[in-house]
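Coordinates in review
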Amino acid sequence: MKSVDIVVLSSFYEGLSLSSIEGMASGSPFVASDVPGLRDIVEGGGVLFKSKDYINLAMIFHKLLEDRFFINETINNCLMKAESYSLDLCIDNYKYLYLNISK
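For clarity, every value in this text was computed on a predicted model and none was experimentally measured.

About the criteria used
- Residues numbered from 1 in each chain as written.
- Predicted model: local features only at pLDDT ≥ 70, side-chain atom pairs only at ≥ 80, totals over all residues.
- Heavy atoms only, no water.
- Helix = DSSP H or I, 4+ residues; strand = E, 2+ residues; numbered from the N terminus.
- Buried < 20%, exposed > 50% of the residue type's maximum accessible area, 1.4 Å probe, protein only.
- Contact = heavy atoms within 4.5 Å.
- Phe/Tyr/Trp six-rings, centres within 6.5 Å; stacked < 30°, edge-to-face > 60°.
- Pairing = 2+ DSSP bridges.
- Axes fitted to C-alpha atoms, helices over the stretch in contact; angles between N-to-C directions.
- Parallel < 35°, antiparallel > 145°, perpendicular 65-115°, else oblique.
- Left-handed = near helix turned anticlockwise from the far one by under 90°.
- Nonpolar A, V, L, I, M, F, W, Y, C, P; charged D, E, K, R; others polar.
- Right-handed = clockwise from strand over helix to strand, strands pointing away.

1. Side note on the overall build of the chain
A count of helical and extended segments in the chain gives five helices and three strands. Taken from N to C terminus, the helices and strands of the chain fall in the order β-α-β-α-β-α-α-α. Over its C-alpha atoms, taken along the principal directions, the chain stretches across nearly 50 × 25 × 20 Å. Considering the chain as a whole, with its 103 residues, one finds that 36% of them fall into the buried category. Taking as baseline every contact in the chain between residues at least 6 positions apart, the subset at least 24 positions apart corresponds to 46%.

2. Considerations on the packing of aromatic side chains
Remark: the centre distance and the inter-plane angle together describe each pair of aromatic rings, the angle taken between the planes. Under the counting rule described, the total for this entry stands at one aromatic pair. Ring centres of Tyr94 and Tyr98 lie 6.2 Å apart, and the angle between their planes is 20 degrees; this geometry places the pair in the stacked category. Taken as a pair, Tyr94 and Tyr98 lie in helix α5 (residues 87-100) at a separation of four residues, close to a single helical turn. Judged by relative accessible area, Tyr98 falls into the exposed class, the value being 58%.

3. Points about the sheet that holds strand β3 (residues 47-49)
Pairing is parallel in the open sheet, where three strands are placed in the order β1-β2-β3. Edge positions in the open sheet fall to β1 (7-9) and β3, since each of these has one partner strand only. Along the sheet, successive strands turn relative to each other by an average axial angle of 20 degrees, direction set aside. Strand direction decides the pairing type here: strand β2 (residues 30-33) and β3, joined by three bridges, are parallel. When the sheet's bridge partners are listed, Ser33 is paired in β3 with Phe49.

4. Digging into the packing of helix α1 (residues 18-25) against helix α4 (residues 68-83)
At a minimum axis separation of 7 Å, α1 and α4 run at an interaxial angle of 130 degrees. Classified by the angle between their axes, α1 and α4 sit oblique to one another. Both α1 and α4 take part in a crossing whose hand is left-handed. Contact residues: α1 offers Ile21, Met24 and Ala25, while α4 offers Cys78, Leu79, Lys81 and Ala82. A breakdown of the residues in the contact of α1 with α4 according to their chemical character gives six nonpolar, no polar and one charged.

5. Considerations on unusual backbone geometry
Leaving glycine aside, a negative phi is the common case for residues, and trans is the common case for peptide bonds. Of note, the phi angle at Lys52 is positive, near 75 degrees, even though the residue is not glycine. Along the chain, Lys52 turns up in the loop between β3 and α3 (54-66). Taking the relative accessible area as the measure of exposure, Lys52 reaches 68% and is therefore exposed.

6. Observations regarding the pairing of β2
Residues in a regular strand point their side chains to alternate faces of the sheet. The alternating pattern of β2 places Phe30 and Ala32 on one face and Val31 and Ser33 on the opposite face, and all of these are buried. Direction of pairing for β1 relative to β2: parallel, over a ladder of three bridges. Within the sheet, the bridge partner assigned to Leu9 lies in β2 and is Ala32. Tracing the backbone out of β1, into α1 and back to the parallel element β2 gives a crossover that is right-handed.

Next up, the structure:
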């Protein structure tokens, strides 16, 4: 994924999509369809487009390829959002949950 200009995940529905987290962590801008599952993971990180709206998707591609500020901002947002799914953070959250479940 690091070798592409834009990572895209176009889907009608996703659960906890590991590929979306990997896409955001790749260092490339990540674009995904605004559908249940993906919306929860990508919002605030990558760019969402309305499912089946190929015109909006093309406009997003154009903006990412032409606007250096937008592409850098998107990449930075993606990297920060992907970090919230890091293994260390997930382990810490599970530990906290298990230690506090009986309180």
